[in-house]
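Secondary and tertiary structure notes
Now for the letters of each chain:
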Amino acid sequence: EAAVTQSPRNKVAVTGGKVTLSCNQTNNHNNMYWYRQDTGHGLRLIHYSYGAGSTEKGDIPDGYKASRPSQENFSLILELATPSQTSVYFCASGDATGLHDTQYFGPGTRLLVL
Amino acid sequence: GDSVTQTEGLVTLTEGLPVMLNCTYQTIYSNPFLFWYVQHLNESPRLLLKSFTDNKRTEHQGFHATLHKSSSSFHLQKSSAQLSDSALYYCALSEDFAGNKLTFGIGTRVLVRP
């Protein structure tokens, strides 16, 4: 079974503070993704990566940065957190070859920005 | 850009009755790939079924869906709902077989009552 883990699972941050969400996958997948989930909006793609050293902007990248230092790790960084970034964040990994054409999601991180 | 429309926000039904969740999409790609993801309470989304073949029924875990390119639809159906089917269901669209860079609908919450 594919394994994607996220840390922290819950986070309370202050407005203007820096927040780093971490994701680790042991699937050896090339692609990794960060989504946020909000009622009425579904899952929206923030950033994604095709491999170590690569990051791409998704559909809603404003206010977020991403870092992919290795095949296994993909971080989402909020340099100046705002209350509008309060959400549930999901990381996912996916195989780019098409042989295993499924995205595997992590357990999610609940972020509250006060 | 691509978009996915799920018209029902909440579907409430009695156990044993049939269920159908609507999904329509817009894309410039002539060969889109469509997916249904399911998310149970306090869990992460996981793939339920997928298709890229026009007019071919796809089945998994009692659910089925048929991609109809003529109407840009991929409705999810089940003949007899179970209590365990209560969950959030997302329809998603991708431009490539690996299912990467998904565009999700806003989701339909299904509540099955005894």
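**A closer look at unusual backbone geometry**
- Geometrically, the link from A:S7 to A:P8 is a cis peptide bond, its omega value of -10 degrees lying close to zero.
- For A:P8, the location among the structural elements is in the loop between β1 (4-7) and β2 (10-13).
- Phi is positive for B:N42, which is not a glycine, with a value near 60 degrees.
- The residue B:N42 is located in the loop between β5 (33-39) and β6 (46-51) in this model.
- Of note, the phi angle at B:S72 is positive, near 50 degrees, even though the residue is not glycine.
- On the basis of relative accessible area, B:S72 is assigned to the partly exposed category, the value being 24%.

**A few points about the sheet that holds strand β7 (residues 65-67) of chain A**
Residue and element names in this part refer to chain A.
- One open sheet holds the four strands; their spatial order is β1-β3-β8-β7, and the pairing between them is antiparallel. Strands at the two margins of the open sheet, each flanked by one partner only, are β1 and β7. For this sheet, the mean angle separating the axes of adjacent strands, direction not counted, is 20 degrees.
- The sheet contact formed by strand β3 (residues 19-25) and strand β8 (residues 73-78) spans six bridges and is antiparallel. Across the sheet, V19 pairs through a bridge with L78, a residue of β8.

**Remarks on the interface of chain A and chain B**
- Between chain A and chain B, the contact holds 23 residues from the first and 20 residues from the second.
- For the chain A and chain B pair, buried surface summed over both sides reaches about 1,600 Å², with 52% attributable to carbon and sulfur atoms.
- In this structure, the connection of chain A to chain B is made through zero salt bridges.
- Elements with a contribution of two residues or more to the side of chain A that touches chain B: β4 (31-38), β5 (42-49), β9 (87-94) and β10 (103-105) of chain A.
- Within the side of chain A that touches chain B, the residues separate by chemical class into nine nonpolar, ten polar and four charged.

Conventions used here
- Residues numbered from 1 in each chain as written.
- Chains lettered and ligands numbered in written order.
- Predicted model: local features only at pLDDT ≥ 70, side-chain atom pairs only at ≥ 80, totals over all residues.
- Heavy atoms only, no water.
- Helix = DSSP H or I, 4+ residues; strand = E, 2+ residues; numbered from the N terminus.
- Buried < 20%, exposed > 50% of the residue type's maximum accessible area, 1.4 Å probe, protein only.
- Pairing = 2+ DSSP bridges.
- Axes fitted to C-alpha atoms, helices over the stretch in contact; angles between N-to-C directions.
- Contact = heavy atoms within 4.5 Å.
- Buried area = accessible area lost by both parts, 1.4 Å probe.
- Salt bridge = Lys/Arg side-chain N within 4 Å of Asp/Glu carboxyl O.
- Nonpolar A, V, L, I, M, F, W, Y, C, P; charged D, E, K, R; others polar.

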